[in-house]
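Letter by letter, the chains look like this.
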Amino acid sequence: MNTPAFLMFLAIVFVTLIITYFASKKTKNASEFYTAGGGLTGWQNGLAIAGDYMSAASFLGIAGAVALTGFDGFFYSIGFLVAYLVVLYLVAEPLRNLGKYTFADMIAARFNAKKIRGFAAMNTVAISIFYMIAQLVGAGALIKLLLGLEYTTSVLIVGVLMTIYVIFGGMHATSWVQIIKAVLLMGGTLVISIIVFAKFNFSVTDMFAQMKTATPLKDAFLNPGVKYKEGIDTLSLNMGLVLGTAGLPHILVRFFTVKDAKTARSSVVYATWIIGIFYVMTIFLGFGAAAFVGTDKIVAANPAGNMAAPLLAQALGGNMLFAFISAVAFATILAVVAGLVLTAASAFAHDFYNEILKKGKATEKQQVSMARWAAIGVSVLSIILALGAQTLNVAFLVSLAFAVAASANLPVIIYTIYWKKFNTTGAVWAMIIGLISSVGLVIISPNVFSPEVGKAIFVGEPLFPYTTPGIVSIPLGFIAGYLGTIFSRQKADVKKYEEVLVKSNTGIGIADNS
Amino acid sequence: MEAKEINKSFENDYSSIVQSSSFQALLSEKKKFIIPFTIFFFCFYFALPILTSYSTVLNSKFIGDITWAWVFAFLQFIMTWGLCMLYSKKATKFDEITKQIKSERGIN
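Residues numbered from 1 in each chain as written. Chains lettered and ligands numbered in written order. Predicted model: local features only at pLDDT ≥ 70, side-chain atom pairs only at ≥ 80, totals over all residues. Heavy atoms only, no water.

Trainee: Requested: an account of the overall build of chain B, with residues and values cited.
Mentor: From N to C terminus, chain B includes three helices and two strands. Seen in sequence order, chain B has helices and strands lined up from the N terminus as α-α-β-β-α. Taking the intrachain contacts of chain B between residues at least 6 apart in sequence as the baseline, contacts between residues at least 24 apart amount to 67%. Carbon and sulfur atoms make up 64% of the accessible area of chain B, which amounts to about 6300 Å² in all. (Helix = DSSP H or I, 4+ residues; strand = E, 2+ residues; numbered from the N terminus. Contact = heavy atoms within 4.5 Å. Areas by Shrake-Rupley, 256 points an atom, 1.4 Å probe, with all protein chains shown as cover.)

Trainee: Any chance you could break down the pattern of salt bridges for me, citing the residues and the numbers?
Mentor: Under the defined criterion, the tally for this structure stands at eleven salt bridges over all chains. Salt-bridge contacts for R117(A) lead to D351(A); the nearest nitrogen and oxygen are separated by 2.6 Å. Taken together, the positions of R117(A) in helix α7 (residues 114-147) and D351(A) in helix α14 (residues 308-357) put the pair 234 residues apart, joining distant regions of the chain. An identical accessibility class is assigned to R117(A) and D351(A); each is buried. Where E29(B) meets K32(B), a salt bridge forms, and the shortest distance between an N and an O atom there is 3.7 Å. With E29(B) and K32(B) both in helix α2 (residues 21-54), this residue pair falls three residues apart, about one helical turn. (Salt bridge = Lys/Arg side-chain N within 4 Å of Asp/Glu carboxyl O. Buried < 20%, exposed > 50% of the residue type's maximum accessible area, 1.4 Å probe, protein only.)

Trainee: Before we move on, can you summarise the interface of chain B and chain A with the specific residues and values?
Mentor: Contact with chain B, which involves 51 residues of that partner, is made by 52 residues of chain A. Across the chain B to chain A interface the summed buried area is about 4800 Å²; carbon plus sulfur atoms make up 76%. In terms of surface lost to chain A, no three residues of chain B exceed Y14(B), Y45(B) and W70(B), which account for 17% of the buried area on that side. On the surface where chain B and chain A come into contact, there are two salt bridges. As a salt-bridge pair, D65(B) and K212(A) come within 3.1 Å of each other at their nearest N and O atoms. When contributions to the side of chain B that touches chain A are tallied by element, the ones reaching two or more residues are α1 (2-19), α2, β2 (66-67) and α3 (68-104) of chain B. The element best represented in the side of chain B that touches chain A is α3(B), accounting for 20 residues. Of the residues that constitute the side of chain B that touches chain A, the class distribution is 33 nonpolar, 13 polar and five charged. (Buried area = accessible area lost by both parts, 1.4 Å probe. Nonpolar A, V, L, I, M, F, W, Y, C, P; charged D, E, K, R; others polar.)

Trainee: An account of the environment of G507(A) is requested, with residue identities and associated values reported.
Mentor: All names here are of chain A. Note that G507 resides in the segment after α19 (494-506). Looking at G507, the relative accessible area reads 17%, which means it is buried. Taking the C-alpha atoms as reference, G507 lies 56 Å from D296; in sequence the two are 211 residues apart. With near-sequence residues (within four places) excluded, G507 lies in contact with N97 and V502.

Trainee: Let's hear about the packing of aromatic side chains: which residues, and what values?
Mentor: Residue and element names in this part refer to chain A. The full count for this structure, using the stated rule, is 50 aromatic pairs over all chains. Aromatic pair Y21 and F22: ring centres 5.4 Å apart, planes at 75°, arrangement edge-to-face. By relative accessible area, F22 is classed as exposed at 53%. Residue placement shows K199 over the ring face of F292; its charged tip is 5.1 Å from the ring centre. (Phe/Tyr/Trp six-rings, centres within 6.5 Å; stacked < 30°, edge-to-face > 60°. Lys NZ or Arg CZ within 6 Å of the ring centre and 35° of its normal.)

Trainee: Account for unusual backbone geometry, naming residues and giving values.
Mentor: All names here are of chain A. Non-glycine residue N201 carries a positive phi angle of around 60°. Here N201 shows up in the loop between α8 (151-199) and α9 (204-214). One non-glycine residue, F202, adopts positive backbone phi at about 50°.

Trainee: Residues and numbers for the packing of helix α5 (residues 71-98) of chain A against α3(B), please.
Mentor: Running from N to C, α5(A) and α3(B) point in directions that differ by 15°, and their axes come no closer than 10 Å. Taken together, the axes of α5(A) and α3(B) are roughly parallel relative to one another. The element α5(A) and its partner α3(B) pack so that their crossing is left-handed. Contact residues: F71(A), F74(A), S77(A), I78(A), L81(A), V82(A), L85(A), L88(A), Y89(A) and E93(A) in α5(A); A69(B), W70(B), A73(B), Q76(B), F77(B), M79(B), T80(B), L83(B), C84(B) and Y87(B) in α3(B). Residue composition of the contact of α5(A) with α3(B), by class: 16 nonpolar, three polar and one charged. (Axes fitted to C-alpha atoms, helices over the stretch in contact; angles between N-to-C directions. Parallel < 35°, antiparallel > 145°, perpendicular 65-115°, else oblique. Left-handed = near helix turned anticlockwise from the far one by under 90°.)

Structure below.
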């Protein structure tokens, strides 16, 4: 057991529980629970978006990927950031103007059919749970390594904490845990980056010159192509990264926590600066780990490279910095899983229970209590799934969530806002085909089937040759929405589209959320 | 019955807003800005993986051991921040037109 690390973990648990205590006093009705009453400022929500988005996969995963594969690892950083232009230019403001609590609200603002809301809610739950399993598996491995606890115990600790934040503190607690985590993560990463840069004499050219010989890859480390040798596979990965964010339900719900579209816009701008600066620093984390920890030691700790950042902290600043960075990684995981639990629970309680079962007539008290039960249900389910998924690759699960979000959610979002002729059939087709094709292609991909024993879940020839499904499933989602609309011959409701057009562009006629 | 009528008058309101010249001006301003810039950032973004996958031009040196691939990768960050700020600047103009639409209708 590492004592400083243990104490810092305890400090994080303590601070987040205090936040939850104060948040619980404010969480009196459905609006407070789902969206913190829509009262966050642009700055607060910008930090919370960053805290919600920069997951363990970003911090631990990208640092490791850059350390082990050089330039190819950095593709993730670029895609994860440029994705915010899609969010800002096409999605954020219309989404804020059309939705109330969930992503399904926005689609339902145009198509008031129960099946549409049902499918949108189902996609939300599916994507959030995939993403959550990835975070929990990562958390289990991290705590096991740092504190020496069993994998099962580690997953349970994180699982219990995330449930407590959400059921007592709702969106208030979730937002503040994310804000604090974003500040800690930026601070920790900045400290490491400065130390690394100092070791390279604050010279970028020195850094590159040294990296050329610092790893077993030699020159190749600095060139693309170490990991991604197949052009189509690289494009597919990049497509999923850049288009996935704008369809991730736990990111989309963050835009309902501010009072209007203008604040939603400014929060994306703040988030883009914070997230961008963080991803630039992943170069220092990755290069530093490769140079000062060494490939052998990184791989020995974890074959996927997930321990590169904590090991770098240890190499640079000894046990204290190691403990601090590990605690930051712990806070990172907590903030992300809390956001995911809240998002999935909202889809159950608001979409399935209140809107579909109760026809929108549940009382505030019923809604909040259902949301709390749903949060417990979602947590228990994810914990059980995570316990069974210990051996799955974390990055694979995250890329799956991104590909499903880009294929099943993004087409229906874009068509709902921008296409006059879009209709109910098109919306259903887009969501179903997007979900089935993205999940289906992953099941027959090299991630699941490999001819080599032990390389994937099953032994056999993969029917789909690429590791990520985006390049096929994203266009399929868009095509399905188009064909469904054209073939149904159902006339689009022009009046309804005019309403959506006015609301999404001006905010006229929307209920005040504050 | 009454509720239905209110609803109907609201629907007519949305149609008349859509037909108003100020709303049409808002839509065309937005289209003129958003469509070309969206096409531009997608092209700029996908140019990087396409060039790294199907050519080696980016492997040539820029300064010292820094290759063009890293320069292009860093330009993606500059591009994102730049377009982000440009959007916020442009959006204040959209806000002004929206304000005008609202004041024409007596909505504040």
